[in-house]
Amino acid sequence: MTLVHSGNAERDLAETARRVLPGGGFGNVSQEVIIAQGHGGRVRDVDGNEYVDYLLGSGPMLVGHAHPEVIEAVQAQLSAGTTFFTSNPHGIRLAAEIVSAVPCAERVRFVSTGSEADLYAMRLARAHRGRDRILKFEGGYHGMSDYALMSLAPRRSGNFPQPIPDSAGIPKSVGDEMLVAPFNDLETAASLVREHRDELAAIIVEPVQRLISPKPGFLEGLRRLTADNGILLIFDEVVTGFRFAYGGAQSYFGVTPDICTLGKVIGGGFPLAAIAGRADIMAHFDKGAVGEDAYLPQIGTLSGNPIAAVAGLKTLEILRRPGSYEQLFRTGRSLMEGLARILEDAGIAARIAGDAPMFDVVFTDRDVTDYRSSLGDQETMKALNVLLRRHGILKGDSKYYVSLAHTEEDVRFTLEAFAASIAELRRLRPG
Ligand SMILES: Cc1ncc(COP(=O)(O)O)c(C=O)c1O
């Protein structure tokens, strides 16, 4: 196996980046890698080093990079015009496909990013219920709004339900609008709902929180709890939508929320996200239906962009083909089992958190059930990610995303690279 090394092009570009970008990068990932191209399940950096890619653009490239059918559809639309601000046929067809696929989706509103989708979903819930507060779970990622940055990645353990802001610049008053509970702890959520039911508009949750699977009954319990107390349930399916199943995590787990947010996969690698939900709730986006006072204005220059919509439609068409999800789960399971075997053989205490479409190693001897138990030994994780990259594996700081384009050869290469990286890790950090 050849190790990859930084060459001159990357070094020169990194120097320019340090001059013009805060922190020398786009702020998204910790590594300094600069990727120039991607095909299928692999990407190349500017020096020509190839990686098996489990970053997948942070998730959108579920059918692989530069999929020939997606590229062909996009190229056809490029020469027909790239954005109009009005409705366009592809966006309308994409909305219709989402409505037919996703259980809670009776109406769809497009935006450009998952952050926006989550911000509007929370505002929509407030508009519909006429209450201000939202309950979220510690470690739950709902984009970068002031509200979402409450207890996303707290460095110190606070007391539930008091949120801790994860960013400078957030007004103190925002903390009063959010309540925080531990994921997978239905009892705590229920007692907060009992105490605050007249103030709560919604509970927002990632059905699989980062890589933490819901315990059996947790999502069902949230559904019952919210329905019984007149509170809306929002599933953030920006990651899980069309990834765990064609109808998303709500169809995978059989629990239908009132509203969901979608992103990543539905834009096929272009900026597109959506809020989808019950028609009576989504009616707040329609002044004609709800009147001036209940109306929620929502405008975005690129919302429903036709290039993103054709890429999304073609991506969904590929995913609908027989055997797609079976193949995705088969690839993911081979990787998860392979990593677990290597770690066990090395005698390293670790858990593989997540499920076949997305997972990672957590260096811990505890079960991973909530934010605090999901942290594990972060230094070891960081060191392993660096070693993996040197062995030709690109991944996020705490996630492997699996694609339909990853081949058996990619899996074999990955397991070899992982075994070699673990052996080096043991030499570097014995014990
Ligand atoms: C669950 C979840 N919600 C929302 C977002 C925000 O999406 P975006 O990066 O498109 O703003 C992300 C991004 O990774 C996410 O994982």
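All of these numbers come straight from a predicted model, not from anything done at the bench. (Residues numbered from 1 in each chain as written. Predicted model: local features only at pLDDT ≥ 70, side-chain atom pairs only at ≥ 80, totals over all residues. Heavy atoms only, no water.)

Asker: Just checking my understanding: could you explain the environment of Pro-89 for this structure?
Answerer: As for its placement among the helices and strands, Pro-89 is situated in helix α3 (residues 89–101). For Pro-89, a relative accessible area of 44% gives the class partly exposed. Considering only alpha carbons, one finds Pro-89 and Gln-209, 120 residues apart in sequence, at a separation of 34 Å. (Helix = DSSP H or I, 4+ residues; strand = E, 2+ residues; numbered from the N terminus. Buried < 20%, exposed > 50% of the residue type's maximum accessible area, 1.4 Å probe, protein only.)

Asker: Explanation requested: the side chain of Ser-403 in the structure shown.
Answerer: Mapped onto the elements, Ser-403 comes out in the loop between β14 (400–401) and α14 (408–428). For Ser-403, a relative accessible area of 0% gives the class buried. Among the polar contacts made by the side chain of Ser-403, one reaches the main-chain amide nitrogen of Ala-405 at a distance of 3.0 Å. Setting aside residues up to four positions removed in sequence, Ser-403 forms contacts with Gly-41, Leu-56, Met-61, Leu-62, Gly-64 and Leu-328. (Polar contact = N/O pair within 3.5 Å; in protein donor to acceptor, adjacent residues only side chain to side chain. Contact = heavy atoms within 4.5 Å.)

Asker: What's the story with the sheet that holds strand β13 (residues 393–394) in this structure? I'm lost.
Answerer: In any sheet, the strands associate via hydrogen bonds between backbone groups, in a parallel or an antiparallel arrangement. Read from one edge of the open sheet, four strands run β1-β2-β3-β13, paired in mixed fashion. The open sheet has two free edges, formed respectively by β1 (35–39) and β13, since each of these has just one partner strand. Sheet analysis places strand β2 (residues 42–45) next to strand β3 (residues 50–53), joined by three bridges and oriented antiparallel. Within the sheet, the bridge partner assigned to Val-43 lies in β3 and is Tyr-51. (Pairing = 2+ DSSP bridges.)

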